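# Structural characterization, general
Take a look at the letters that make up each chain.
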Amino acid sequence: KNEVEQSPQNLTAQEGEFITINCSYSVGISALHWLQQHPGGGIVSLFMLSSGKKKHGRLIATINIQEKHSSLHITASHPRDSAVYICAVSNFGNEKLTFGTGTRLTIIP
Amino acid sequence: NAGVTQTPKFQVLKTGQSMTLQCAQDMNHNSMYWYRQDPGMGLRLIYYSASEGTTDKGEVPNGYNVSRLNKREFSLRLESAAPSQTSVYFCASGGRSPGYNEQFFGPGTRLTVL
């Protein structure tokens, strides 16, 4: 079973700061997913990546397959970025995801 | 497109009562999933269905049953609710090839069992 560890568990930052959330996993994967959950809200898929880097607006996701590590970066953070960010991995030939416990991000105006 | 819809949004049950959570997707996805989310535990898979007519147990299936009624609908049933089943339940669907399965989530059902 793949273990997924996220750090930090909680992160508070000032508006405008550059944010990094980390995710490590224990065995080989086919893809890594970053998800976002706003307080009391649903869960939205931000990225699915298996190599390199992806960018969407102010969000950037990177993955290092050799080191079994991924990072989610937020540039010019804004209070509306306050949410729980969840890392998950999927394995070859398997429809299931294994989830980390999430990182709670709070951006203070 | 509505995406993934779930009903109800909130529910309060007494211990021993039964209920069915409904989920439907309009994205023509093959795979559907039921998760529960508890504080500090992350999302845990209860049951999933890789295709119409098939269902498989996930990490925490005890106390639950599922039905994949057709390609669109996947229901979760609690036959005799227990306080330990108090949780937020999410349904999801996924449509790409196995291992590259981006999942789309419903809005969740907040269930309290007294």
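Notes on the structure follow.

The rules behind each value
Residues numbered from 1 in each chain as written. Chains lettered and ligands numbered in written order. Predicted model: local features only at pLDDT ≥ 70, side-chain atom pairs only at ≥ 80, totals over all residues. Heavy atoms only, no water. Helix = DSSP H or I, 4+ residues; strand = E, 2+ residues; numbered from the N terminus. Buried < 20%, exposed > 50% of the residue type's maximum accessible area, 1.4 Å probe, protein only. Polar contact = N/O pair within 3.5 Å; in protein donor to acceptor, adjacent residues only side chain to side chain. Pairing = 2+ DSSP bridges. Axes fitted to C-alpha atoms, helices over the stretch in contact; angles between N-to-C directions.

## Re the side chain of Ser 90 of chain A
Residues and elements named next belong to chain A. Structurally, Ser 90 can be placed in strand E9 (residues 83-90). You can call Ser 90 buried: its relative accessible area is 1%. In terms of polar contacts, Ser 90 uses its side chain to reach the side chain of His 33, at 3.3 Å.

## A word on the environment of Asp 81 of chain A
Residues and elements named next belong to chain A. Inspection of the secondary structure assignment puts Asp 81 in the loop between strand E8 (69-74) and E9. Taking the C-alpha atoms as reference points, Asp 81 and Gln 9, separated by 72 residues in sequence, lie 16 Å from one another. Here the side chain of Asp 81 touches Arg 58 through a polar contact of 2.8 Å, side chain to side chain.

## Let's talk about the sheet that holds strand E8 (residues 74-78) of chain B
Residue and element names in this part refer to chain B. Judged by pairing direction, the sheet is antiparallel, and its four strands sit side by side in the order E1-E3-E8-E7 without closing on themselves. Two strands lie at the open edges of the sheet, namely strand E1 (4-7) and strand E7 (64-68), each paired on one side alone. On average, adjacent strands in this sheet sit at an angle of 15° to one another, irrespective of strand direction. Sheet topology places E1 next to strand E3 (residues 19-25); four bridges connect them, and they run antiparallel.

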